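What follows is the residue order along each chain.
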Amino acid sequence: MGFRNIKIEGNTRLHIKNGQLILDNGTEVSIPLEDINCILIENPSVMLSSYFLQKAADCGIAVYVCDGKHLPNAVVLPLVRHSRHFKILKYQMEAGRPLQKRLWQQIVVQKIRNQALCLQLMGKGGDRELFQMSREVQSGDRTHVEAKAAAFYFRALYGTGFSRGDDCIINSALNYGYAIVRGMIARSIVCYGLEPSIGMFHHSELNNFNLADDMIEPFRPLADLYVSGHFDIAEADSSLTPEAKRGLFGIVNYDMSVKGEKRIVSNCIDMLAAGYSSAIQGKRESLDLPELMELQVHSYE
């Protein structure tokens with residue numbers, strides 16, 4: 001698995017040579033492809049070739065592209081990283097609703113628990129109420145505890161006047177962070193042979209990444225925790241500086257906990273995708289879900 005996450009802001013030419021990514025902006029820098037986890041291309045003047053995209057896909061590298069507002073709006077994903085894609089696809093299509101509802105229940109419970117932990121780590125009140133809500137989630141979340149918890153959580157975190165629909169720096173930062181994590185999840189889903197459009201809970205015919213939108217839920221509080229500690233809701237400007245975006249892109253370098261062990265976010269994502277694949281094949285009944293912890297950049301020994 002790669003560990004380098006590369007953000008390209010300037011006028012740069014990308015090409016591949018001898019298994020190395022070459023970044024050329026007047027001075028060449030080379031990075032082994034096997035070391036790269038994902039690449040974020042923010043500048044529209046960056047030049048690359050279809051061969052570059054082919055090799056990135058071969059290596060399982062997620063390549064993000066940004067829109068005119070410098071927000072991630074597309075991700076190039078590998079399509080042939082799993083030798084039994086059709087086999088896994090059949091399992092996804094045949095997975096019964098009771099199983100899907102139980103798995104979704106687990107995801108919602110962990111999301112709400114992570115929201116409670118976020119409030120704890122930020123020294124906010126309301127964590128007890130959220131822990132209680134997490135114990136009330138039923139199969140399929142048929143009583144919509146997730147929505148009630150989210151409304152309570154964001155008010156506790158940012159104040160009673162806050163809304164996720166506001167045009168403010170907090171929402172700009174959250175959307176950026178969520179987009180980065182969502183792309184990582186989509187990459188992992190494809191690498192494990194799963195069809196990203198077939199979700200557990202999300203079923204929109206207009207969404208090619210329903211499963212990614214299911215799996216991102218317990219990871220959202222990581223972005224929330226980072227944004228809460230680095231951005232001020234009182235800021236009038238809703239635009240993100242290049243420095244702020246570099247920090248948000250670095251979210252993928254942080255640790256979360258799975259079964260009591262600290263793991264980098266990309267590894268937590270892989271464990272969730274692998275666990276879901278096993279669950280729909282009848283090999284297990286529970287998912288390995290990440291638990292929020294104090295922000296800590298992963299260290300490689």
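Heads up: the structure comes first, above all this text.
1. Focus on the pattern of salt bridges
If the charged atoms of two oppositely charged side chains come close together, the side chains can form a pair. Per the counting criterion, the structure on display carries 12 salt bridges. Notably, a salt bridge pairs Asp288 with Lys259, separated by 3.2 Å at the nearest N-O pair. Of this pair, Asp288 sits in the segment after helix H10 (265-280) while Lys259 sits in the loop between strand S8 (255-258) and strand S9 (261-264), and the two are 29 residues apart along the sequence. Overall, Asp288 belongs to the buried group, its relative accessible area being 9%. In this structure, Arg284 engages Asp288 in a salt bridge whose closest nitrogen and oxygen atoms are separated by 3.1 Å.

2. Points about the packing of aromatic side chains
Tallying each qualifying case throughout the model produces 6 aromatic pairs. An angle of 0° between the planes, with centres 4.6 Å apart, marks the rings of Trp104 and Phe201 as stacked. With Trp104 in helix H3 (residues 97-121) and Phe201 in the loop between helix H6 (169-191) and helix H7 (210-215), the pair connects residues that are 97 residues apart, well separated along the chain. Aromatic pair Phe154 and Phe162: ring centres 6.0 Å apart, planes at 35°, arrangement tilted. A residue is classified by how much of its surface remains accessible, and Phe154, at 13% relative accessible area, is buried. In this structure an aromatic cluster arises from ring pairing among Tyr153, Phe154, Tyr158 and Phe162. Over the ring of Tyr178 we find Arg220, and its NZ or CZ is 4.6 Å from the ring centre.

3. So, the pairing of strand S1 (residues 4-8)
When you tally the buried positions in S1, you get 4 out of 5 residues, the bulk of the element. Looking at chain direction, S1 and strand S5 (residues 36-41) are connected through 5 bridges and run parallel. Within S5, the residue paired with Arg4 across the bridge is Ile36.

4. Description of the sheet that holds strand S4 (residues 28-32)
Strand order across the open sheet formed by 3 strands is S2-S3-S4, with antiparallel pairing between neighbours. Each end of this open sheet is capped by a strand with a single partner; those strands are strand S2 (13-17) and S4. Direction aside, the axes of adjacent strands within the sheet are offset by 25° on average. Sheet topology note: the S2/strand S3 (residues 20-24) ladder contains 5 bridges and is antiparallel. When the bridges of S3 are listed, His15 appears paired with Ile22.

Calculation notes
- Residues numbered from 1 in each chain as written.
- Predicted model: local features only at pLDDT ≥ 70, side-chain atom pairs only at ≥ 80, totals over all residues.
- Heavy atoms only, no water.
- Salt bridge = Lys/Arg side-chain N within 4 Å of Asp/Glu carboxyl O.
- Helix = DSSP H or I, 4+ residues; strand = E, 2+ residues; numbered from the N terminus.
- Buried < 20%, exposed > 50% of the residue type's maximum accessible area, 1.4 Å probe, protein only.
- Phe/Tyr/Trp six-rings, centres within 6.5 Å; stacked < 30°, edge-to-face > 60°.
- Lys NZ or Arg CZ within 6 Å of the ring centre and 35° of its normal.
- Pairing = 2+ DSSP bridges.
- Axes fitted to C-alpha atoms, helices over the stretch in contact; angles between N-to-C directions.

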